[in-house]
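A structural walkthrough
If you want the building blocks of each chain, they are given just below.
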Amino acid sequence: MTQTQNPQTQNSQTQPQADFSQALAGQVALVTGGGSGLGAAICRVLAESGAHVIAADIQLPQAERLAGELTDAGLKAKAISLDVRDENALEQVVQQLEEEYGHLDILINNAGTDVTVAIEELSVADIDRVLDVNLRGPFLLSRAALPNMAKRGHGAIVNITSTAAKRAWANATAYHASKWGLLGFSHALHVEARPHGVRVTALVVGGMQTPFILERFPDTPLENLQDPRNVAEAVRYVLLQPEGTVVPEMTVIPMRETSWP
């Protein structure tokens, strides 16, 4: 008896995989929080797609390890130390990248932090730090990068927000405030940037298998979390939309996301 192959299986075996190796060739991408977790995954995917990636992280050794791994593989990457709370440093890094490469095409505002405590335990210093990293930093970097992008008539800014910008849970008031704020900021920036040919996207991300989740909530079942590379590939998808199309908001969650209906 001849065994009939499942059509879906057959298609998966014969259909060629998309080649993204030169999809972003010649573009320069700055990724904050690029040394680990989602930031590192984004750096890998963009570098594999031909971009020259700048992995910016307050933890420079992590960014350097990643950049070394990528350059050893023949990809284009550089690590820089960056604290997204430092206004002068943010303006300087954008200026330096413009001078060194002649253009900054992609800005990924990914750096994030949290303080997981009840509101009566949340200090002013705590909430200031969360808002500074998660909201003020993306504002400052976007403000620094947008003028030259607009002058050239192209560019992309992707703000990594969270399901915390759509839902709420206990002991996360600072994080929710920052992510709801980032979502609103991103949509407002989209309105301002679009007439100049600059695309702005808010990526609403669900739980991932990253230190950000697992170091704070080690008992979280891994099957409820997504591989950060899946989200990084969604970033690439947004960046590769045809000219004349922009995705203002996109949601990427695991199939078993517990903070989503």
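Small disclaimer: the values here were computed from a predicted structure and weren't measured.

Quick notes on the overall build of the protein
- For the protein, the helix and strand inventory stands at 8 helices and 7 strands.
- Per-residue burial for the protein yields a buried fraction of 46% across its 261 residues.
- Look at the contacts in the protein between residues 6 or more apart in sequence, and 70% of them connect residues 24 or more apart.
- Surface summary for the protein: the accessible area is close to 13000 Å², and the carbon and sulfur share equals 51%.

Re the pairing of strand β3 (residues 77-81)
- Pairing of strand β2 (residues 52-57) with β3, which is carried by 5 bridges, proceeds in the parallel orientation. From the neighbouring strand, Ala55 faces β3, where its bridge partner is Ala79.
- Once you follow β2 into helix α3 (residues 60-72) and on to β3, the crossover reads as right-handed.

Focus: the confidence of the model for the protein
- A residue-level look at the protein finds 89% of positions with pLDDT of 70 or above and a mean pLDDT of 90.
- Contacts of residues 1-12 to residues separated by more than four positions or lying in other chains number 2 contacts, the stretch itself having pLDDT below 50.

Structural notes on the pattern of salt bridges
- Scanning the model with the defined rule gives 12 salt bridges in all.
- A salt bridge links Asp83 to Arg85; the nearest nitrogen and oxygen atoms lie 3.0 Å apart.
- A salt bridge links Glu243 to Arg199; the nearest nitrogen and oxygen atoms lie 3.7 Å apart. You can see Glu243 sitting in the loop between α8 (228-239) and β7 (249-252) and its partner Arg199 sitting in strand β6 (residues 198-205), a full 44 residues away along the chain.
- Residue classification places Glu243 among the exposed positions, given a relative accessible area of 72%.
- Salt bridges sharing common partners tie together Glu48, Arg229, Glu233 and Arg236.

Digging into unusual backbone geometry
- One non-glycine residue, Asn171, lies in positive phi territory at about 65 degrees.
- With respect to the secondary-structure elements, Asn171 resides in the loop between β5 (155-162) and α6 (173-193).

Concerning helix α2 (residues 37-48)
- Over its 12 residues, α2 runs 17 Å from end to end, which matches the ideal 16 Å to within 8%, given 1.5 Å per residue.
- Of all 12 residues in α2, 9 are buried, a share of seventy percent or more.
- Against β1 (28-32), β2, α3, β4 (106-109), β5 and α8 lie the buried residues of α2.
- Following α2 by one or two positions, Gly50 has its phi on the positive side, about 100 degrees.

Quick look at the side chain of Ser178
- Here Ser178 lies in helix α6.
- Reaching out from Ser178, the side chain makes a polar contact with the backbone oxygen of Tyr175 at a distance of 2.7 Å.
- When near neighbours in sequence (up to four residues on either side) are disregarded, Ser178 contacts Val130, Leu131, Asn134 and Leu135.

As for the sheet that holds β4
- Strand order in the open sheet formed by 7 strands is β3-β2-β1-β4-β5-β6-β7, with parallel pairing between adjacent strands. With partners counted over all chains shown, the strands left at the sheet margins are β3 and β7, one partner each. For this sheet the average axis-to-axis angle between neighbouring strands, irrespective of direction, equals 20 degrees.
- Note: β4 against β5, 4 bridges, orientation parallel. Considered in β5, the bridge of Leu107 is made with Ile157.
- Packed onto the sheet, helix α5 (residues 124-152) meets β1, β4, β5 and β6 and runs at close to 170 degrees relative to β4.
- In the packing of α8 onto the sheet, the strands contacted are β4, β5, β6 and β7, and the crossing angle to β6 comes to about 155 degrees.

Quick notes on the pairing of β6
- With respect to burial, β6 is a largely interior element, 8 of its 8 residues being buried.
- Direction of pairing for β5 relative to β6: parallel, over a ladder of 8 bridges. Considered in β6, the bridge of Ile160 is made with Leu203.
- As paired elements, β6 and β7 share 4 bridges and run parallel to each other. Bridge pairing in β7 links Ala202 to Glu249.

Re the environment of Arg236
- Looking at the element boundaries, Arg236 is found in helix α8.
- With 216 residues separating them along the chain, Arg236 and Phe20 place their C-alpha atoms 9.3 Å apart.
- Look past the residues within four positions of Arg236 in its chain and what remains in contact with it is Phe20, Val45 and Ser49.

Rules and cut-offs
Residues numbered from 1 in each chain as written. Predicted model: local features only at pLDDT ≥ 70, side-chain atom pairs only at ≥ 80, totals over all residues. Heavy atoms only, no water. Helix = DSSP H or I, 4+ residues; strand = E, 2+ residues; numbered from the N terminus. Buried < 20%, exposed > 50% of the residue type's maximum accessible area, 1.4 Å probe, protein only. Contact = heavy atoms within 4.5 Å. Areas by Shrake-Rupley, 256 points an atom, 1.4 Å probe, with all protein chains shown as cover. Pairing = 2+ DSSP bridges. Right-handed = clockwise from strand over helix to strand, strands pointing away. pLDDT = per-residue confidence, 0-100. Salt bridge = Lys/Arg side-chain N within 4 Å of Asp/Glu carboxyl O. Expected span 1.5 Å × (residues − 1). Polar contact = N/O pair within 3.5 Å; in protein donor to acceptor, adjacent residues only side chain to side chain. Axes fitted to C-alpha atoms, helices over the stretch in contact; angles between N-to-C directions.

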